[in-house]
Amino acid sequence: MVDVFTKKKRSEVMSQIRGRGNRGTELRMIELLREHGITGWRRNRPVFGRPDFVFPAERVALFIDGCFWHGCPRHYNRPSSNTEFWDGKLLKNRTRDRLVTRTLKKAGWTVLRVWEHALQGTGKAVVARVRKVLAH
Ligand SMILES: [Zn+2]
């Protein structure tokens with residue numbers, strides 16, 4: 001079988017697979033950033049809370065919150081079995097999200113949280129939000 005990726009591209013792809021979180025949504029975010037010429041972002045930076053993207057120069061941390069794992073008000077679908085486990089899990093995730101946001105803000109970061117669903121379609125609203133925080 002022919003390897004369709006160059007060596008550089010291959011390691012890029014592999015690092016994305018290894019990363020935590022939802023690969024599909026992160027790849028979509030990368031696509032949007034590239035499409036709109038937004039630069040200066042880095043991934044997998046050792047920043048508290050492990051933001052999905054950071055803009056080190058502007059001190060902006062960007063998180064993409066999965067609709068299920070983070071309890072999106074529009075799309076969270078409470079599982080019908082093991083409810084105690086899932087409710088506990090969601091509560092834990094949300095508590096952690098708040099802690100991470102608070103801690104980063106105290107350290108001078110601007111925290112941007114984007115719902116996974118906002119990346120669907122054109123993603124225009126997300127791009128606008130990113131541009132806005134970067135401009136400040
Ligand atoms: Zn959602």
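Residues numbered from 1 in each chain as written. Predicted model: local features only at pLDDT ≥ 70, side-chain atom pairs only at ≥ 80, totals over all residues.

Draft legend 1. Quick peek at the overall build of the protein. Assigned secondary structure in the protein consists of 4 helices and 3 strands. Start at the N end of the protein and walk to the C end: the helices and strands fall as α-α-β-β-α-β-α. The 136 residues of the protein split such that 17% are buried. Considering only intrachain contacts with a sequence separation of at least 6, the fraction spanning at least 24 residues in the protein is 55%. (Helix = DSSP H or I, 4+ residues; strand = E, 2+ residues; numbered from the N terminus. Buried ≥ 20, exposed ≤ 12 C-beta atoms within 10 Å, placed from the backbone. Contact = placed C-beta atoms within 7 Å.)

Draft legend 2. A look at the environment of Ala135. By secondary structure assignment, the location of Ala135 is in helix 4 (residues 124-135). On the basis of neighbour count, Ala135 is assigned to the exposed category, with 7 C-beta atoms found within 10 Å. The spacing of Ala135 and Glu58 is 77 residues in sequence and 8.7 Å in space, taken between C-alpha atoms.

Draft legend 3. Layout of the pairing of strand 3 (residues 110-115). Judged from the 6 bridges that link them, strand 2 (residues 60-65) and strand 3 form a sheet pairing that is parallel. When the bridges of strand 3 are listed, Leu62 appears paired with Leu112. At this point the chain moves from strand 2, through helix 3 (residues 83-106), to the parallel strand 3, and the crossover so formed is right-handed. (Pairing = 2+ DSSP bridges. Right-handed = clockwise from strand over helix to strand, strands pointing away.)

Draft legend 4. A look at the sheet that holds strand 2. In spatial order, the strands read 1-2-3; together these 3 strands make up an open sheet with mixed pairing. In this open sheet, the two strands that pair with only one neighbour each are strand 1 (53-55) and strand 3. Neighbour-to-neighbour, the strand axes of this sheet turn through a mean angle of 20°, independent of strand direction. In this fold helix 4 packs onto strand 1, strand 2 and strand 3, with an angle of close to 180° to the strand it touches most, strand 3. (Axes fitted to C-alpha atoms, helices over the stretch in contact; angles between N-to-C directions.)

Draft legend 5. Highlighting the nonpolar core. In this structure, Val54, Val60, Ala61, Leu62 and Val114 are the most contacted members of the largest nonpolar core, which totals 18 residues. When contributions to this core are tallied by element, the ones reaching two or more residues are strand 1, strand 2, helix 3, strand 3 and helix 4. Residue contributions to this core peak at 4 residues, all from strand 2. Beyond its immediate sequence surroundings of up to four residues, Leu62 is in contact with Pro51, Asp52, Phe53, Leu112, Val114 and Val130. (Core = buried A, V, L, I, M, F, W, Y, C linked by C-beta atoms within 7 Å.)

Draft legend 6. Structural detail: helix 3. In this model, helix 3 (24 residues) spans 34 Å end to end at C-alpha, consistent with the 34 Å of a helix rising 1.5 Å per residue. Counting buried residues along helix 3, only 2 of its 24 residues qualify, which leaves the element largely exposed. Looking one or two residues beyond helix 3, the residue adopting positive phi is Gly108, at roughly 90°. (Expected span 1.5 Å × (residues − 1).)

Draft legend 7. Just the pairing of strand 2, in detail. Burial runs high along strand 2: 5 of the 6 residues are buried. Two elements, strand 1 and strand 2, share 3 bridges in a ladder whose sense is antiparallel. Counterpart to Val54 in the pairing with strand 2 is Ala61. Taking the residues between adjacent antiparallel strands as the criterion, strand 1 and strand 2 are bridged by 4 residues, where Arg59 takes a positive phi near 55°.

Draft legend 8. View of the environment of Lys105. With respect to the helices and strands, Lys105 occurs in helix 3. According to the C-beta neighbour criterion, Lys105 is exposed, with 12 such atoms within 10 Å. Each C-alpha atom of the pair Lys105 and Arg59 lies 9.9 Å from the other, and the pair is 46 residues apart in sequence.

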